[in-house]
Amino acid sequence: MKLRHLIIITAIAILLTACNFTLAADVTPPPGYTTPTPMPTLGPLYPASNPDIHSGAIIYMEKCAPCHGDAGLGDGPQGKELPVTVAAIGLPEVASKALPSAWYTQVTQGNLERFMPPFSSLNDQERWNVVYYAFTLHISSEQADLGQSLFNEKCADCAKYFSDIEKMSALSENDLVQIIKNGSGEVPAFGKDFSDEEALAVAAYLRTLIFAAPPAQPTPVSVTETPVSAEAGTPSAEITPDGTEQAQATPEADSAFTSTFGNVSGTVDNQTGAALPSNLTVKLRSFEHGGDPSTGPQEIASFDTTVNADGSYAFTDVEIPEGQIYVAEMEFDGISYQTDFAVVEAGMTELVLPPLTIYATTDDLSELKIDSAQMYFDVANTDAAQIFTVYSITNTGNKTIIINMGADQVVPFIAFPEGAEGLGYEAAQNSAAFMPTADGFAMPPSELPYGLISFASVPKAKEITVIQPALLTIESISLFLPEGMDADGKTLTDEGLQNLETMSFHVYSATGLQKGESVEFTISGEPSTSTTANADLTQNQTLLIGVGAFGIVLIIAGAWLYIRDRKKAEEELEEGDDEFEDTESVMDAIIALDDLHRSGKMSDEAYKQRRNELKNALKRQK
């Protein structure tokens, strides 16, 4: 068992946090139920204003890259933990047939069969910004230049036909290629003699005609020295324009580029109750999104400075061009605290970072309170029943609580059901951020509750007795079973069936538990035919239920949860619908993949994984 990536927002669909839930009109909600935040609704299927891909790049690195990878090749570290293959949206064969409106829909409502959550934290324009940035990942600067050159040569006056945001959001690049080669309405067939490669390059360029104007770029001038103060420290490298190789800045550099220099400052919000130690240092990290659309923001420099006695710190004469991203971090009592990100706006010479809050530490678990526990049961597996429990936890104190998981890697305040095999833990999406430590993790005070999911398995039987101990006080407990199944226990209250879309499941509530107590019940019966029809989470997009206080929402597919081990999920995925229509399309994908690998835009590991997938897809086509 292990706690996997607790500090990273997981992309697993069962941990989504913003789907709509409606109780049946004649069903009383279970105790402690709080109406969840509704799923984001779809706005018009085109952006209200021109998409800003520079803003989209920042969002992509935060929200998408952990699964999809920096270049959209499906090789993000978090995506590798999923039981399905993450879509390689940066591959030409994937992106060229996709509609912007379809990707916007997925970002808004989630693509649950692929374990992708809806991103309710983004407003409508931000979703469009990140969608259109994602469409730049498969295009090199050389292809974009070729497309622009061919378009200007053959049909420069046609730009007006491709500047309609609404129409362009409903067209894939393959659609644009058809228009380029065959014409449409007032648009002539100006690319009828183009090769496929040339037509795709033009299609990619046409997409850029609706982009918002990029931030102003610095102008080169001759200088003799780049001013960086001793206090600011020495950056690891200076970023250079146009994707050229980075080099160390030296006083005798022949040339540099004018840019805005200014000050970056912040304060340490000391919540420890004691004076700050002397010689406390803070690190400033700088990120930039370069000109190459196939890469995300890259760290270009870091600086160290000492915190003043009053908690203030400053980095002077720092290069702060528009769009640069900064974050400050500090090691304190073995825990790495950091600020939120701050982005330089046009004309800024002073950038103030959000507060960097630090706390005293304790290992006293009594400061934690479990507000709710929701237990979900999957009995579709022929050999075992799996139990998925969602805990909403609050740090009620004013210190960071250190959680030592020990050699067995268990969370000491969460118990698996008696006799069950513990499978592991995950952090719920939109949980307050867990912080890694050498022996486990830490939970600072937070207005946002912590969400933690435990996974366990028990042997399959006609009647399954579950005994769930409480290692801390649990305020409320709810059970969610497939329709057709029942639970029997002295402390249970039958809340009846609750309908979700066309599905329903059986809900029970139980009285809260004090530390050291247990809830015991027996589940029996078989899921009804109506609920077994869609027994695979990866094939079902009907999502279920909001649970718990504080707006925490858990999503389940069908009428119950289907937690599958990785091997079974991969086998079922291989048996599912293929993403390619014929052998030729698979071969095209392999050729494009090989080109990406040869050009150095794909890691060896990601290349081997994707090529094996394509080879398997080719076998299935035969």
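One can find the structure itself at the top, above this paragraph.
Draft legend 1. Fine view of the overall build of the protein. Looking only at helices and strands, the protein features twelve helices and 25 strands. The burial tally for the protein puts 49% of its 622 residues in the buried class. Across the protein, every contact between residues at least 6 apart in sequence was considered, and the portion connecting residues at least 24 apart equals 72%. Here the protein displays about 28200 Å² of accessible surface, and carbon together with sulfur accounts for 49% of that area.

Draft legend 2. Layout of the nonpolar core. If you look at the biggest cluster of nonpolar residues, it comprises 45 residues, and the most contacted ones within it are Phe377, Ile393, Phe413, Met443, Leu479 and Phe521. Excluding its chain neighbours within four sequence positions, the residues that come into contact with Phe521 are Met375, Phe377, Ile464, Thr465, Val466, Leu479, Asp488, Gly489 and Leu492. Core analysis: the next-biggest nonpolar cluster, separate from the first, contains 44 residues, Cys64, Ala98, Met168 and Leu176 among them.

Draft legend 3. The arrangement of the sheet that holds strand E22 (residues 485–488) in detail. The sheet built from three strands is open, its strands ordered E20-E25-E22 with antiparallel pairing. The two strands at the open ends of the sheet, each matched to only one other strand, are strand E20 (463–469) and E22. Between one strand and the next, the sheet's axes are offset by a mean angle of 25°, whatever the strand orientation. The pairing of E20 with strand E25 (residues 518–525) spans seven bridges and is antiparallel. Its bridge partner lying in E25, Val466 is registered against Phe521.

Draft legend 4. How the structure looks around the sheet that holds strand E15 (residues 400–404). Strand order across the open sheet formed by four strands is E12-E15-E18-E17, with mixed pairing between neighbours. Every other strand in the sheet has two partners, leaving strand E12 (361–362) and strand E17 (435–437) as the edge strands with one partner each. Both E12 and E15 contribute to a ladder of two bridges, which runs parallel. Note on E15: the bridge partner recorded for Thr362 is Ile401.

Draft legend 5. Spatial organisation of the side chain of Gln324. Considering the arrangement of structural elements, one finds Gln324 in the loop between strand E6 (312–319) and strand E7 (325–332). Here Gln324 falls in the buried class, since its relative accessible area comes to 3%. Apart from the residues lying within four places of it in its own chain, the contact partners of Gln324 are Ser286, Phe287, Glu288, Ile300, Glu319, Ala342, Val343 and Val344.

Draft legend 6. Just the state of the cysteines, in detail. For the structure on display, the rule yields one disulfide. Disulfide pairing is shown between Cys155 and Cys158; the S-S distance is 1.5 Å. In this structure Cys64 is a free cysteine whose sulfur lies 8.9 Å from that of Cys67, the closest cysteine sulfur available. Residue Cys64 is classed as buried on the basis of its relative accessible area, which comes to 15%. A relative accessible area of 7% means that Cys67 is categorised as buried.

Draft legend 7. Region of the structure containing helix H3 (residues 100–109). Here H3 has its buried residues at Pro100, Ser101, Trp103, Tyr104, Val107 and Thr108. All buried residues of H3 project into a common sector of 160° when viewed along the axis, lining one side. For H3, the secondary structure elements touched by its buried residues are helix H2 (92–95), helix H4 (124–134), helix H6 (165–168) and helix H8 (196–208). Positive phi appears at Gly110, one or two residues downstream of H3, with a value of about 85°.

Draft legend 8. Up close: the environment of Asn182. Tracing the sequence through the fold places Asn182 in helix H7 (residues 173–182). C-alpha separation for the pair Asn182 and Lys192, spaced ten residues apart in sequence, amounts to 6.3 Å.

Draft legend 9. Main features of the packing of helix H5 (residues 141–155) against H8. Where H5 contacts H8, the axes come no closer than 7 Å and their chain directions differ by 90°. Overall, the two elements H5 and H8 adopt an arrangement that is roughly perpendicular. Contacts between H5 and H8 pair Gln143, Ala144, Leu146, Gly147, Gln148, Leu150, Phe151 and Asn152 from the former with Glu198, Ala201, Val202, Tyr205 and Leu206 from the latter. Of the residues in the contact of H5 with H8, the class split is eight nonpolar, four polar and one charged.

Draft legend 10. Examining the pattern of salt bridges more closely. Applying the stated criterion across every chain, the model contains six salt bridges. Residue Asp124 pairs with Arg127 through a salt bridge whose shortest N-O separation is 3.8 Å. With Asp124 and Arg127 both in helix H4 and three residues apart, the pair spans about one turn of that helix. Between Lys181 and Asp196 there is a salt bridge; the shortest N-O distance is 2.6 Å. Linking Lys181 in helix H7 with Asp196 in helix H8, this pair joins segments that are 15 residues apart in sequence. Overall, the relative accessible area of 22% leaves Lys181 in the partly exposed class. Taking the relative accessible area as the measure of exposure, Asp196 reaches 54% and is therefore exposed.

Draft legend 11. Quick peek at H8. Between the first and last C-alpha of H8 there are 19 Å, a value that for 13 residues agrees with the 18 Å anticipated at 1.5 Å per step. Where H8 is concerned, the buried positions are Ala199, Ala201, Val202, Ala203, Ala204, Tyr205, Leu206 and Arg207. Buried residues in H8 make contact with H3, H4, H5, H6 and H7.

Thresholds, definitions, all that
- Residues numbered from 1 in each chain as written.
- Predicted model: local features only at pLDDT ≥ 70, side-chain atom pairs only at ≥ 80, totals over all residues.
- Heavy atoms only, no water.
- Helix = DSSP H or I, 4+ residues; strand = E, 2+ residues; numbered from the N terminus.
- Buried < 20%, exposed > 50% of the residue type's maximum accessible area, 1.4 Å probe, protein only.
- Contact = heavy atoms within 4.5 Å.
- Areas by Shrake-Rupley, 256 points an atom, 1.4 Å probe, with all protein chains shown as cover.
- Core = buried A, V, L, I, M, F, W, Y, C linked by side-chain atoms within 4.5 Å.
- Pairing = 2+ DSSP bridges.
- Axes fitted to C-alpha atoms, helices over the stretch in contact; angles between N-to-C directions.
- Disulfide = S-S within 2.5 Å.
- Arc of directions from axis to C-beta.
- Parallel < 35°, antiparallel > 145°, perpendicular 65-115°, else oblique.
- Nonpolar A, V, L, I, M, F, W, Y, C, P; charged D, E, K, R; others polar.
- Salt bridge = Lys/Arg side-chain N within 4 Å of Asp/Glu carboxyl O.
- Expected span 1.5 Å × (residues − 1).

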